[in-house]
Amino acid sequence: MRLIVYNRAVRALFPLLLCVAASAHAATVAIDVGHFIEEPGATSARGRPELDFNRDLAVEIESAARRDGLKTMLIGYDGFMSELTRRTAAAAAADFLLSVHHDSVQPHFLESWEFDRVERAFSDRYSGFSLFVSRKNRSLTRSLACASAIGEALRGAGFSPSLYHADPIPGENKPFADRRNGVHYYDNLIVLKTARTPAVLLEAGVIVNRDEELRVQSEEVRRRIAASVADGLRRCL
Ligand SMILES: [Zn+2]
């Protein structure tokens, strides 16, 4: 009798035990919200700070990654983390660091237009995502493998790499690490080179581009970007 009760208990617990075992092996991704309130990054064509775009997407990536069985930690969401090295220190216990950003262009490409009676800067010249890794990161191979996997997943979901960061002009000149998947080397990016884990910086889209700004704010597009990023991470971690 006692044995039967024991067996039943084990059988009932078995799915739970499996679940615990699976989560014990799940990789932890630190998702860094690029920028902070005092320096909120780029300004979109309609005047929205990059920080707000980064927050929305980081949260979406966090949900998608959890759905895919990864563990997550969100860094810098409150907008008060002004010291970049505090971000990498906070991520030290994770297996991977993803820094989430949205892109601008070199100042000389900007034009002006009026939106809501305010003059704003924009450029419709470029669009698309880009990914960066640093050759000064101690886990370059893993960083690059994940950047390529994320780029591949984004391309598979219909997004295109922006490619302009490799242009031989001042401010760009970021050589390709994987052109097909939109990955560049950017060796001195603090968050990448001081990370104690493999690390990738994602520029999800160009928010000074008037169409792309609207696209990346649509919930459907943001979900698709997040699902692709999570898919890439799951494949490489
Ligand atoms: Zn940024």
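Structure: above.
Residues numbered from 1 in each chain as written. Predicted model: local features only at pLDDT ≥ 70, side-chain atom pairs only at ≥ 80, totals over all residues. Heavy atoms only, no water.

**Remarks on unusual backbone geometry**
Then, in step 1: Backbone geometry places Asp-116, a non-glycine residue, at a positive phi of 55°.
Then, in step 2: Within the fold, Asp-116 resides in the loop between strand S4 (111–115) and strand S5 (118–122).
Then, in step 3: You will see that Leu-163, though not glycine, has its phi angle at about 65°, which is positive.
Then, in step 4: Along the chain, the position of Leu-163 falls in the loop between helix H4 (140–156) and strand S7 (176–178). (Helix = DSSP H or I, 4+ residues; strand = E, 2+ residues; numbered from the N terminus.)

**What to know about the state of the cysteines**
Then, in step 1: Tallying each qualifying case throughout the model produces one disulfide.
Then, in step 2: Cys-146 shares a disulfide with Cys-236; S-S distance 1.9 Å. With the S-S bond torsion at 95°, the cross-link from Cys-146 to Cys-236 turns out right-handed. Of this pair, Cys-146 sits in helix H4 while Cys-236 sits in helix H7 (residues 219–236), and the two are 90 residues apart along the sequence. (Disulfide = S-S within 2.5 Å.)

**Details of the coordination of the zinc ion**
Then, in step 1: Surrounding the zinc ion are the protein donor atoms His-35 (NE2), Glu-50 (OE), Glu-50 (OE) and His-101 (ND1), at 2.1 to 2.8 Å.
Then, in step 2: Read in sequence order, the donor residues for the zinc ion give the motif H-x14-E-x50-H. Linking Glu-50 in helix H2 (residues 50–67) with His-101 in strand S3 (residues 96–103), this pair joins segments that are 51 residues apart in sequence. The residues Glu-50 and His-101 share a single accessibility class, namely buried. (Donors = N, O, S within 2.8 Å, 3.2 Å for Na, K, Ca; no water. Buried < 20%, exposed > 50% of the residue type's maximum accessible area, 1.4 Å probe, protein only.)

**Here we look at the pairing of strand S2 (residues 71–75)**
Then, in step 1: Bridge analysis of strand S1 (residues 28–33) against S2 gives five bridges, and the strand direction is parallel. Residue pairing for S2: Thr-28 is matched across the bridge by Lys-71.
Then, in step 2: Between S1 and its parallel partner S2, the chain crosses via H2, and the hand of that crossover is right-handed. (Pairing = 2+ DSSP bridges. Right-handed = clockwise from strand over helix to strand, strands pointing away.)

**A closer look at the pattern of salt bridges**
Then, in step 1: Tallied over the entire structure, the rule returns 16 salt bridges.
Then, in step 2: Residue Arg-234 is joined to Asp-231 by a salt bridge in which the shortest nitrogen-to-oxygen separation is 2.7 Å. Here Arg-234 and its partner Asp-231 are both found in helix H7, three residues apart, which amounts to about one turn of the helix.
Then, in step 3: Since its relative accessible area comes to 38%, Arg-234 is described here as partly exposed. (Salt bridge = Lys/Arg side-chain N within 4 Å of Asp/Glu carboxyl O.)

**Examining the packing of helix H6 (residues 210–217) against H7**
Then, in step 1: In the contact formed by H6 and H7, the axes pass within 5 Å of each other and the chain directions differ by 75°. Here H6 lies roughly perpendicular to H7, going by the angle between them. Between H6, through Arg-215, Val-216 and Gln-217, and H7, the contact on the second element is made entirely by Glu-219, Val-221, Arg-222 and Ile-225.
Then, in step 2: Residue classes in the contact of H6 with H7 are distributed as three nonpolar, one polar and three charged. (Axes fitted to C-alpha atoms, helices over the stretch in contact; angles between N-to-C directions. Parallel < 35°, antiparallel > 145°, perpendicular 65-115°, else oblique. Contact = heavy atoms within 4.5 Å. Nonpolar A, V, L, I, M, F, W, Y, C, P; charged D, E, K, R; others polar.)

**Quick look at the packing of aromatic side chains**
Then, in step 1: Here the structure, examined in full by the defined rule, presents five aromatic pairs.
Then, in step 2: Considering the side-chain rings of Phe-132 and Tyr-186, the 5.7 Å spacing of their centres and the 65° angle between planes classify their relative orientation as edge-to-face. In this pair, Phe-132 sits in strand S6 (residues 130–133) while Tyr-186 sits in the loop between strand S8 (183–185) and helix H5 (190–193), placing the two residues 54 residues apart along the sequence.
Then, in step 3: Relative accessible area serves as the criterion here: at 3%, Phe-132 is assigned to the buried category.
Then, in step 4: Members of the aromatic cluster, connected to one another through ring pairs, are Phe-109, Tyr-126 and Tyr-164.
Then, in step 5: In this structure, Arg-210 packs its charged tip against the face of Trp-113, placed 4.9 Å from the ring centre. (Phe/Tyr/Trp six-rings, centres within 6.5 Å; stacked < 30°, edge-to-face > 60°. Lys NZ or Arg CZ within 6 Å of the ring centre and 35° of its normal.)

In short, shape yes, function no, at least from these values alone.
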